[in-house]
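Listed below, chain by chain, are the residues.
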Amino acid sequence: MKNESFSWGHVLATTAITTIATSIAVSILGRDETGSAAAPLNATSHIVWGDEAAEHDEVDVKHTLLGTVLNAGAMASWSLLQEWLLSKWVRKNPRVRSIAAGALTSTVAYAVDYFVVPKRLTPGFEKRLSKKSLFSTYVAFALALMVSAFHAPKQEVPQP
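**Things to note about helix α6 (residues 131-150)**
When the terminal C-alpha atoms of α6 are compared, their 29 Å separation across 20 residues agrees well with the 28 Å that a helix rising 1.5 Å per residue should span. Taken together, the buried positions of α6 are Ser133, Leu134, Thr137, Tyr138, Phe141, Ala142, Ala144, Leu145, Met146, Ser148 and Ala149. Along its buried surface, α6 packs onto α1 (8-34), α4 (61-88) and α5 (94-115).

Next up, the structure:
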């Protein structure tokens, strides 16, 4: 039986929301900590360019645009997990479900990003941001997921 509540459109919407939220968060935190709003996004391009990418503070296509695209790709994968979680849970309490799904997805993302994948595949934010700012970034990510989940397609609750 096909699950009618899963929505590729909602995955794309969640990807957009989370990409914007995390990009704004790391840019503000990067500006405050390094003097460069682009530094954390540039550091994400270390996946392609190596560790020297984290040393770039200026906005440029090579580092900033690529870092933003890589961040969006990661947000797409986590948005897919979020949508899958939402499509599996019965929608008896949408607020609680949305909060739980956002918190769980963000927590899994942090664990995978920093304890599972090789260092070359980490987000790179850790190369320019403090642990406190990394925590704040994942909180912003969780909040963006929660906001998006509030607008997830409704799933009918089965009647006994």
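Additional details are given in the paragraphs that follow.
**Looking at the packing of aromatic side chains**
Counted by the stated rule, this structure contains six aromatic pairs. For the ring pair Tyr110 and Tyr138, a centre distance of 5.3 Å and an interplane angle of 85° mean the geometry is edge-to-face. Here Tyr110, found in helix α5, pairs with Tyr138, found in helix α6; they are 28 residues apart in sequence, far enough to count as distant. Here Tyr110 falls in the partly exposed class, since its relative accessible area comes to 35%. Here Tyr138 falls in the buried class, since its relative accessible area comes to 9%. Their ring planes at 80° and their centres at 6.5 Å tell us that Tyr138 and Phe141 sit as a pair that is edge-to-face. Note that Tyr138 and Phe141 are positioned in helix α6 at a spacing of three residues, about one turn of the helix. The rings of Tyr110, Tyr114, Phe115, Tyr138 and Phe141 are connected pair by pair, giving a single aromatic cluster. Looking at Lys62, its charged tip hangs above the ring of Trp49, at a distance of 4.7 Å from the centre.

**Comments concerning the packing of α1 against α4**
At a closest axis distance of 8 Å, the pairing of α1 and α4 adopts a crossing angle of 130°. It follows from the interaxial angle that α1 and α4 lie oblique. The crossing of α1 and α4 is right-handed. Along its contact with α1, which presents Trp8, His10, Val11, Thr14, Thr15, Thr18, Thr19, Thr22 and Ser23, the element α4 presents Asn71, Ala72, Met75, Ala76, Ser79, Leu80 and Glu83. Per-class residue counts for the contact of α1 with α4 are six nonpolar, nine polar and one charged.

Calculation criteria
- Residues numbered from 1 in each chain as written.
- Predicted model: local features only at pLDDT ≥ 70, side-chain atom pairs only at ≥ 80, totals over all residues.
- Heavy atoms only, no water.
- Helix = DSSP H or I, 4+ residues; strand = E, 2+ residues; numbered from the N terminus.
- Expected span 1.5 Å × (residues − 1).
- Buried < 20%, exposed > 50% of the residue type's maximum accessible area, 1.4 Å probe, protein only.
- Contact = heavy atoms within 4.5 Å.
- Phe/Tyr/Trp six-rings, centres within 6.5 Å; stacked < 30°, edge-to-face > 60°.
- Lys NZ or Arg CZ within 6 Å of the ring centre and 35° of its normal.
- Axes fitted to C-alpha atoms, helices over the stretch in contact; angles between N-to-C directions.
- Parallel < 35°, antiparallel > 145°, perpendicular 65-115°, else oblique.
- Left-handed = near helix turned anticlockwise from the far one by under 90°.
- Nonpolar A, V, L, I, M, F, W, Y, C, P; charged D, E, K, R; others polar.

From the geometry alone we can't say anything about function, so treat these as descriptive.
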